[in-house]
Amino acid sequence: DAKTTQPPSMDCAEGRAANLPCNHSTISGNEYVYWYRQIHSQGPQYIIHGLKNNETNEMASLIITEDRKSSTLILPHATLRDTAVYYCIVAFSGGYNKLIFGAGTRLAVHP
Amino acid sequence: GAGVSQSPSNKVTEKGKDVELRCDPISGHTALYWYRQSLGQGLEFLIYFQGNSAPDKSGLPSDRFSAERTGGSVSTLTIQRTQQEDSAVYLCASRDRGSSEAFFGQGTRLTVV
């Protein structure tokens, strides 16, 4: 079973920041937080991952709380092409990296 | 370079028939995953291969489902005696051991009639 909880849906205006929350209260010390997204009719796409420090790449930023029980994915300037289902996953890194997807958050970016 | 390739892209089969779905992972990737996605639903984990270790089959829904990975490369997911509830998109992904990013194929859409 997925070890994360996400809101089923969110809306965001184009050009504004989209902040997608995720709860993972049972995360263990060696587990990472991963984010993937799935645009309609496509396979999921990796976005970002982190252990305990905040992370940023060209796609997004990941903010993990100090107790690591929750995190937020931030899309700084959402576009219509960011409309997708976003999945937050907790998993080990490296050799054994079993990815269990939950229901995700359906983000709708509107003009 | 080439990504994860799945074939066929679409498959229509009659109830009770066996089907084989193929996944060609990215060359050199040691991890390979199979998922099932029913219409409007999330991804359901099926099986995970990691290198030479025994595969994690904990997500296979019944003994009608099996998967092999030959030579650490190509994988085949076999569904025996297909049922209508097996209709879904079957997704494959692969990952390099040293990487945190899994790459997904475009999936095989299976329709059981």
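Keep in mind that this is a model prediction, so the values were computed, not measured.

S.K.: When you look at the environment of B:Gly98 in this model, what are you seeing that I'm missing?
M.R.: Residue and element names in this part refer to chain B. Mapped onto the secondary structure, Gly98 falls in the loop between β8 (88-95) and β9 (103-104). Judged by its relative accessible area of 77%, Gly98 is exposed. Between the C-alpha atom of Gly98 and that of Asn10, which follows or precedes it by 88 residues, the distance is 32 Å.

S.K.: Would you take a moment to explain the side chain of A:Thr4 for this structure?
M.R.: Position of A:Thr4 relative to the elements: it lies in the segment before β1 (9-13). Separated by 3.0 Å, the side chain of A:Thr4 and the backbone oxygen of A:Cys88 make a polar contact.

S.K.: Where do I start with the interface of chain B and chain A in this structure?
M.R.: Put simply, an interface is often sized by how much accessible area is lost when its parts join up. Between chain B and chain A, the contact holds 20 residues from the first and 20 residues from the second. If you sort the residues of chain B by the area they bury against chain A, B:Leu43, B:Ser100 and B:Phe104 come out on top, with a joint share of 31%. Counting across the interface, chain B meets chain A through one salt bridge. For A:Lys98, the salt bridge is made with B:Asp56, and the minimal N-O distance between the two is 2.9 Å. The tally of links between chain B and chain A comes to nine residue pairs in polar contact (both at pLDDT 80 or more). Listed by contribution, the elements that provide at least two residues to the side of chain B that touches chain A are β4 (31-37), β5 (44-50) and β8 of chain B. Classifying every residue of the side of chain B that touches chain A by side-chain character gives eight nonpolar, eight polar and four charged.

Cut-offs used in this document
Note on numbering: residues in each chain are counted from 1, in written sequence order. Ligands are numbered from 1 and chains lettered from A, in the order in which they are written. Local features in this predicted model are restricted to residues whose pLDDT is 70 or higher, and side-chain atom pairs enter the listing and the counts only when it is 80 or higher, whereas totals over whole chains, interfaces and linings include all residues. To obtain the side-chain values, all non-hydrogen atoms of the structure were used and water was disregarded. Numbered from the N terminus, helices here are DSSP runs of H or I no shorter than four residues, and strands are runs of E no shorter than two. Only protein chains enter the area calculation, which uses a 1.4 Å probe; residues under 20% of their type maximum are buried, those over 50% are exposed, and those in between are partly exposed. Nitrogen and oxygen atoms within 3.5 Å of one another constitute a polar contact, given that in protein one can donate a hydrogen and the other can accept it, and given that sequence-neighbouring residues count only through two side-chain atoms. Here, residues are in contact when the closest pair of their heavy atoms is within 4.5 Å. Each of two parts loses accessible area, computed with a 1.4 Å probe, when they are put together; buried area is these two losses added. What makes a salt bridge here is a side-chain nitrogen of Lys or Arg within 4 Å of a carboxyl oxygen of Asp or Glu, nothing more. Three classes are used: nonpolar for Ala, Val, Leu, Ile, Met, Phe, Trp, Tyr, Cys and Pro, charged for Asp, Glu, Lys and Arg, and polar for all others, with Gly counted as polar.

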